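# Secondary and tertiary structure notes
Read off the chains here:
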Amino acid sequence: MTNDELQMTGTLIPNSSFLIPNLNHLAMIMDGNGRWARQRGLPRLAGHEAGTETVRRVMNYCRDAGIRYLTLYAFSTENWSRPQGEVDGLMALLGAFIRKYEEELMEKQVRLRTIGNRADLSAGLQAEIARVEAATAHFERQVIIALSYSGRNEIARAVRRIAEEVRDGTLAPEAVSEAAIAAHLDAPDVPDPDLIVRTSGEMRVSNFLLWQCAYSEFHITPVLWPDFGEAEFKEALEAFAKRSRRFGGV
Ligand code: IPE
Ligand code: IPE
Ligand code: MG
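None of the values given here were measured: they were computed from a predicted structure.

## Points about unusual backbone geometry
The backbone phi angle of S148 is positive, close to 50°, even though this residue is not glycine. On the secondary structure map, S148 appears in strand 4 (residues 141-149). A relative accessible area of 0% means that S148 is categorised as buried. Residues other than glycine seldom take positive phi values, yet L209 does so here, at roughly 40°. Here L209 is to be found in the loop between strand 5 (195-198) and strand 6 (217-220).

## As for the site of ligand 2
Contacts to ligand 2 come from I29, M30, D31, Y73, A74, F75, S76, N79, R82, R198, R204 and S206. Here D31 contributes a side-chain N or O atom positioned 3.2 Å from an oxygen atom of ligand 2. The separation between an oxygen atom of ligand 2 and a polar side-chain atom of R198 is 3.4 Å. Ranked by the residues each element gives to the shell around ligand 2, the list is headed by strand 2 (residues 69-76), at four residues. In terms of residue class, the shell around ligand 2 is made up of five nonpolar, three polar and four charged.

## A closer look at the environment of L19
Following the sequence through the fold, L19 ends up in the loop between helix 1 (3-9) and strand 1 (25-29). Given the relative accessible area of 44%, L19 is considered partly exposed. Distance in space between the C-alpha atoms of L19 and A236 is 12 Å, their sequence separation being 217 residues.

The rules behind each value
- Residues numbered from 1 in each chain as written.
- Chains lettered and ligands numbered in written order.
- Predicted model: local features only at pLDDT ≥ 70, side-chain atom pairs only at ≥ 80, totals over all residues.
- Heavy atoms only, no water.
- Helix = DSSP H or I, 4+ residues; strand = E, 2+ residues; numbered from the N terminus.
- Buried < 20%, exposed > 50% of the residue type's maximum accessible area, 1.4 Å probe, protein only.
- Near = heavy atom within 4 Å.
- Polar contact = N/O pair within 3.5 Å; in protein donor to acceptor, adjacent residues only side chain to side chain.
- Nonpolar A, V, L, I, M, F, W, Y, C, P; charged D, E, K, R; others polar.

What follows is the structure in structure tokens.
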């Protein structure tokens, strides 16, 4: 198909200046909102609010780059230990974000889904998420928000479900394989991330996608999340393009 033909069928045409082959799933640890606010003498929540604008920008870059899956680490299970005011503010921002961008997600044909322990969230937020997930479920491109998420918690919940199936006789113990564990994770149909980007310079994984990151490439930028823009996005993609992924082979 020529580009003109693709355009006529309405297929997404990635912007070629962004296009990186084999980058199907990008995952991001959105860190540094608090430091961004502190540098400006603002409350931490002002940093989180500025960070939601970056989310919107990055969603658009991914669309231009033809990236099918974008996973964003928005709130870890460990983040519940932050001061109540910050937790409440973050939850309110998440709800507002989902409401505000629902229309844009529909328009840009993006499927929204979440991973994490849904039961930890308020009934109101759970209902909001369920509504937008259902409304966008038929779209191909996906934005996956990790919410009350940690890799260990996700694996523990998967193992619990497997144990229940073994107890009920629907799964044989010999059938508990790597594939069976992967199939019980929160988004089993989503391929492992090819690239994990972390902002604000910390060289750690902070309990993100522990099972899925087995062969992911990592890119860490010192730039704080609210300042992450097109130049940093391109830099991350270019760094990825130079990597030689061997998956244990030669
Ligand atoms: C990331 O920014 C957002 C969340 C973890 C919710 P931080 O709030 O961790 O910002 P820093 O790391 O304190 O700068
Ligand atoms: C990781 O950031 C979690 C999210 C981005 C949601 P944190 O700020 O919570 O991680 P640590 O505490 O620096 O490891
Ligand atoms: Mg942080």
